[in-house]
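# Topology and contacts: notes
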Amino acid sequence: MTNLLTVLPAFDTQPYTHILPSLEKALISSADLLTLDAFDVAKRAQVPSGEVKKLASAVLNGLNAFTTLREVGRPAGNVPATDPGQHEVISTLDDVLDTALDGGVAIGRVTEFVGESAAGKTQFLLTLLLSAQLNPPHGVGKAALYISTEAPLQTTRLAQILNQHSKLTVLPPDERPTMARVQSAHIHDLEAQDHILRFQVPVMLQRHDVGLLVIDSIAANYRPEFDKGKAKRSAAESFVKRSNQVTDLGTLLRETAEKYGIAVVVANQVADRFAAFEPPPSQLQTSQQVQKPPSVSAPQNLPILPSTTPQGTAHDGVITPPSLSTDDPLALDHQHRFFTGWGDDMQTTNLKTPSLGLAWTNQLSARVALVKVPIYEAKQYMAGEEPNIAGWKRTFKVVFSEWCQPSCSEFEISSGGVRSIAEQHENGS
Amino acid sequence: MATVIDITSSPQKLPPSSHRLPTVSASDALQELQTAGPETIATTLPALDTLLAGVGTNSIGGLGRGKTTEIWGPVGAGKTALLLQIAARELCRGSTVVWIDGSSPLVATRLDSAIEQRTSAMSGIAATQGEIVRYRNNLKHYRVPTLSHLLAMVLHSQPDFPPSGTTMVVIRGLNTLIDIDYPRILFASAGKSPQQKWQAGRRYAVLGSLIAGLNKLAVLNNVAIVATTGCASRTRSDSGLGSALVPGISGAEWDGGVWNRLVIFRDFHCRFVGVQKSQGRSLIGRQEIGETGKIVAFDVEHDGSVRQQGPSSSLPSEALRKSISRSPAKPRGRYIDEVADSEGEDADEYGWAETDEDALTADTGVDETTEQIATA
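Residues numbered from 1 in each chain as written. Chains lettered and ligands numbered in written order. Predicted model: local features only at pLDDT ≥ 70, side-chain atom pairs only at ≥ 80, totals over all residues. Heavy atoms only, no water.

### A word on the overall build of chain A
- Scanning chain A from terminus to terminus reveals 14 helices and 15 strands.
- For chain A, the proportion of its 429 residues judged to be buried stands at 49%.
- Residue pairs in contact within chain A that sit at least 24 positions apart in sequence constitute 67% of those at least 6 positions apart.
- Of the roughly 20300 Å² of accessible surface on chain A, a fraction of 53% belongs to carbon and sulfur atoms. (Helix = DSSP H or I, 4+ residues; strand = E, 2+ residues; numbered from the N terminus. Buried < 20%, exposed > 50% of the residue type's maximum accessible area, 1.4 Å probe, protein only. Contact = heavy atoms within 4.5 Å. Areas by Shrake-Rupley, 256 points an atom, 1.4 Å probe, with all protein chains shown as cover.)

In structure tokens, the structure reads:
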């Protein structure tokens, strides 16, 4: 049986060793055993049907014993039951961002931080490595494991955050996090990634009492692979194979998170996306509103799109009924705007898409997009002159999450880590 | 001598010597129907209930009991939010709800929050902690890590499953379970052994067994089963459009077995529920990938509650088309002009046209979908 021990790890295969190899060769899975008649299975695998019946009922008993009734919120596996009302999190060490995340990054789930290079992903991950060590409610009082795929762990920066973060410096020495409780490992390529995540990480999780697993970044090892020696694969086949690999990876991470009661936080990269969105003529003609405060106005090469009329509010005394914005609402391009983190306000033209596609997105429990927008100097520009970038506006955007609502907050990076900017508020979700 | 049968009388008054079949009067039958309890579960969005109601029946629309509904949509669209609200309503009315999580477990605080809002929406006063706990205990939560666990639960269900008093069974994240055991395989790859070819077809066969099992469970226990799935994408190269989202689970038997199919998706202003299949009949064409069917607008408030936006009836398609931007590549509906070669012919010399039309509009049952290569 190809997946019997994955489905029922504690299953005793001893009484069935004489039929299992034939079942495996016939590519029969445990789901097949449950949906097909024992006689058909036996015929296909050329084994006695009585034995197949016995195996099927043993599997069924095993499955029914596992699927026990549980209080909502109580995790399975080795972790002791927690109060159903309590929701374990790892804080970002900033109050506004923690509120946006309803406390912080949730335990037992996979959260993704996605953004362009230098958007601030690593800063957040380093902060989480430290806050995981704090006692509840800010952390889980356990060690952290950092797996890098590109650059190794930035220990200098980690030490700097540890020594300068406003919330960490006020703690007494016995409560402060330490560098010693941060374990790190490096994964060079894709084959090693699967092996390490599947077999070596669980050992490390238990040996070091780890509460947080960070992978920075998840997409780096997925590069176009050129098969040498095999027949040339068509693009569609490679795509399907990649999607299945990504699905398996996501499943592995989710299972690890739930089984060991840890938070899995993953960093992801982005690629550019070009959307063909024509604003409807009626919207361009309505009166334009000022979008940004004067200090950050950019030279206008593009027409300012007016802010979208909020639902149900009176505009010129007429309440507009809710309507679709396009007659092709299920187009992937259009829907991308709402689950990638870029594009859900009509003004944005610089759209990004997280790597690994829709298959990966379906595996996540939460996605936080770190959106970086340049702030141009407000001065008189000559024709054809490039605007000067005075700074960056960084937004911490919860795109979707299983435990909190979508939101947007601005933040900045400092020597002590990341902190939110409370004064300026942004329109939009 | 003919026995006078009083047509308003109940069957027991028939004389025993009568050889007529006992009849039930229409008023009695109606009364029985009304006292038997609602056959649907309200979706808390009135316009959606209307869309899901059968045409010409008096019954209130909603998710049919004894039937399976599929709700699909991209991540974060609002599927769980809506389901939580529907479940909370059932819990607050004293029913039991079975909640089966396939991919990741429900967050407990969301359930409590939904129950709180429902009780205050229904009774106008805030719920006490004891009430919330009591209602929460009526939600029986199961966690199925693999497809095999779900199949064991549904196809070989234990005698006490579902518990008595259950009106709704929710299965969340069904496509993730299927994709792990039976990932999509490209049919075109050559050089497959007979076993591999057989295995490639197992996905759809297992789905067929699953939907049959779900429908049987639904009917035997008079529960409404709701399965949520994520989405995949499919190219639409034949119509020149880009890719569109499609349900994560597809297949002739599965599509034929679900009674309702809803799609939940987001847009700039608010979110929408589209009804793609209702009352066992598909409302969109077989080849129309990316069509949403009739839609109802809603939004998820910051406290997690789901509220309908706009008028209480669903939006007619004409009202929509006015203010929306037209996708540049999407083909416009063409009006069928008269074909030149039918000049002068009398349309209906022999009266065949009427009978043909009757045959065409009769209930032809469920469409079969053709298989295509699906890319995620």
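Picking up where we left off.
### A few points about the interface of chain A and chain B
- With 78 residues of chain A at the interface, the matching set in chain B holds 91 residues.
- Summed over both partners, the interface of chain A with chain B comes to about 7300 Å²; 61% of that surface belongs to carbon and sulfur atoms.
- Where chain A packs against chain B, one counts 3 salt bridges.
- When the shortest N-O distance is used, the salt bridge between B:Arg202 and A:Asp32 registers 2.6 Å.
- The interface formed by chain A and chain B contains 19 residue pairs in polar contact (both at pLDDT 80 or more).
- Those elements that provide at least two residues to the side of chain A that touches chain B are helix H3 (30–35), helix H5 (49–66), helix H11 (235–260), helix H13 (332–339), helix H14 (357–361) and strand S13 (389–401) of chain A.
- Looking at side-chain class alone, the side of chain A that touches chain B contains 34 nonpolar, 28 polar and 16 charged residues. (Buried area = accessible area lost by both parts, 1.4 Å probe. Salt bridge = Lys/Arg side-chain N within 4 Å of Asp/Glu carboxyl O. Polar contact = N/O pair within 3.5 Å; in protein donor to acceptor, adjacent residues only side chain to side chain. Nonpolar A, V, L, I, M, F, W, Y, C, P; charged D, E, K, R; others polar.)

### Notes on the packing of aromatic side chains
All names here are of chain A.
- Tallied over the entire structure, the rule returns 8 aromatic pairs over all chains.
- Measuring from centroid to centroid gives 5.5 Å for Phe 113 and Phe 124, while their planes differ by 25°, and the two rings are stacked. Linking Phe 113 in strand S3 (residues 110–115) with Phe 124 in helix H7 (residues 121–131), this pair joins segments that are 11 residues apart in sequence.
- The class for Phe 113 is buried, based on a relative accessible area of 0%. (Phe/Tyr/Trp six-rings, centres within 6.5 Å; stacked < 30°, edge-to-face > 60°.)

### Things to note about the nonpolar core
- A:Leu55, B:Ile100, B:Leu150, B:Leu210 and B:Trp254 are the most contacted members of the largest nonpolar core, which totals 56 residues.
- Here this core gets 8 residues from one element, more than from any other, and that element is helix H8 (residues 194–221) of chain B.
- Discounting residues that sit within four places of it in the chain, B:Trp254 has contacts with B:Glu70, B:Leu174, B:Leu207, B:Leu210, B:Ile211, B:Leu214 and B:Ile249.
- Formed by 51 residues, the second largest nonpolar core is a distinct cluster that contains A:Ala219, A:Val266, A:Leu358 and B:Trp72. (Core = buried A, V, L, I, M, F, W, Y, C linked by side-chain atoms within 4.5 Å.)

### Considerations on the pattern of salt bridges
- Inspection of every chain in the model, using the stated rule, returns 20 salt bridges over all chains.
- Note that A:Lys54 is salt-bridged to A:Glu51, the shortest N-O span being 3.5 Å. Of the two residues, A:Lys54 and A:Glu51 both sit in helix H5, 3 residues apart, roughly one turn of that helix.
- Classification of A:Glu51 by relative accessible area gives buried; the value is 18%.
- The salt bridge partner of B:Arg261 is B:Glu70, with a shortest N-O separation of 3.3 Å. Here the residue B:Arg261 occupies a position in strand S10 (residues 260–266), and B:Glu70 occupies one in strand S3 (residues 68–72), the gap between them amounting to 191 residues. The pair formed by B:Arg261 and B:Glu70 is uniform in burial state, with each residue classed as buried.
- One network of salt bridges, with partners in common, ties together A:Glu116, A:Asp272 and A:Lys352.

### Overview of the sheet that holds S3(A)
All names here are of chain A.
- Strand order in the open sheet formed by 9 strands is S5-S4-S6-S7-S3-S12-S13-S14-S15, with mixed pairing between adjacent strands. Each of the sheet's edge strands pairs with one partner strand only, and the pair in question is strand S5 (182–186) and strand S15 (417–420). Recorded for the sheet is a direction-independent mean angle of 25° between the axes of neighbouring strands.
- Where S3 meets strand S12 (residues 366–376), 5 bridges bridge the pair, whose relative direction is parallel. Looking at S12, one finds that Phe 113 is bridged to Val 368. (Pairing = 2+ DSSP bridges. Axes fitted to C-alpha atoms, helices over the stretch in contact; angles between N-to-C directions.)

### Comments concerning the packing of H5(A) against helix H6 (residues 147–155) of chain B
- Closest axis-to-axis distance for the H5(A)/H6(B) pair is 9 Å, and the angle between their directions is 95°. Accordingly, the angle class assigned to the pair H5(A) and H6(B) is roughly perpendicular. Together, A:Leu60, A:Leu63, A:Asn64 and A:Phe66 of H5(A) and B:Ser148, B:His149 and B:Ala152 of H6(B) make up the contact between the two elements.
- Among the residues making up the contact of H5(A) with H6(B), the classes are represented as 4 nonpolar, 3 polar and no charged. (Parallel < 35°, antiparallel > 145°, perpendicular 65-115°, else oblique.)

### Quick word on the confidence of the model for chain B
Residues and elements named next belong to chain B.
- Per-residue confidence for chain B averages 77 on the pLDDT scale, and 70% of its residues sit at or above 70.
- Counting contacts from residues 5–12, a segment whose pLDDT is below 50, to residues more than four positions away or on other chains yields 8 contacts.
- Confidence drops under pLDDT 50 across residues 317–323; counting only partners more than four residues distant or on other chains, this segment forms 6 contacts.
- With pTM at 0.80, the complex prediction returns an ipTM value of 0.82. (pLDDT = per-residue confidence, 0-100.)

### Some remarks on the pairing of strand S7 (residues 224–229) of chain B
Residues and elements named next belong to chain B.
- Of all 6 residues in S7, 6 are buried, a share of seventy percent or more.
- Strand direction decides the pairing type here: S3 and S7, joined by 5 bridges, are parallel. Each bridged residue has a counterpart across the sheet, and for Thr 69 the counterpart in S7 is Val 226.
- In the sheet, strand S6 (residues 166–172) pairs with S7 via 5 bridges, with the strands oriented parallel. Among the inter-strand pairings, Val 169 is bridged to a residue of S7, identified as Ile 225.

### Details of the side chain of A:Thr361
- Note that A:Thr361 resides in helix H14.
- Within the local environment of A:Thr361, its side chain forms a polar contact with the backbone oxygen of A:Gly357, the two atoms lying 3.0 Å apart.
- Excluding anything up to four places from it in sequence, A:Thr361 contacts A:Phe339, A:Arg367, A:Phe400 and B:Val75.

### Describing the environment of B:Pro183
- For B:Pro183, the location among the structural elements is in the loop between helix H7 (174–181) and H8.
- Among the residues examined, B:Pro183 registers a relative accessible area of 29% and is labelled partly exposed.
- On a C-alpha basis, the gap between B:Pro183 and B:Glu131 in space is 44 Å, while along the polypeptide they are 52 residues apart.
- Beyond its immediate stretch of four places on either side in the chain, B:Pro183 contacts A:Asn244, B:Ile178 and B:Arg203.

### A short note on H7(A)
- Counting buried positions along H7(A) gives 11 out of 11 residues, so the element sits mostly inside the fold.
- All of the buried residues in H7(A) are A:Lys121, A:Thr122, A:Gln123, A:Phe124, A:Leu125, A:Leu126, A:Thr127, A:Leu128, A:Leu129, A:Leu130 and A:Ser131.

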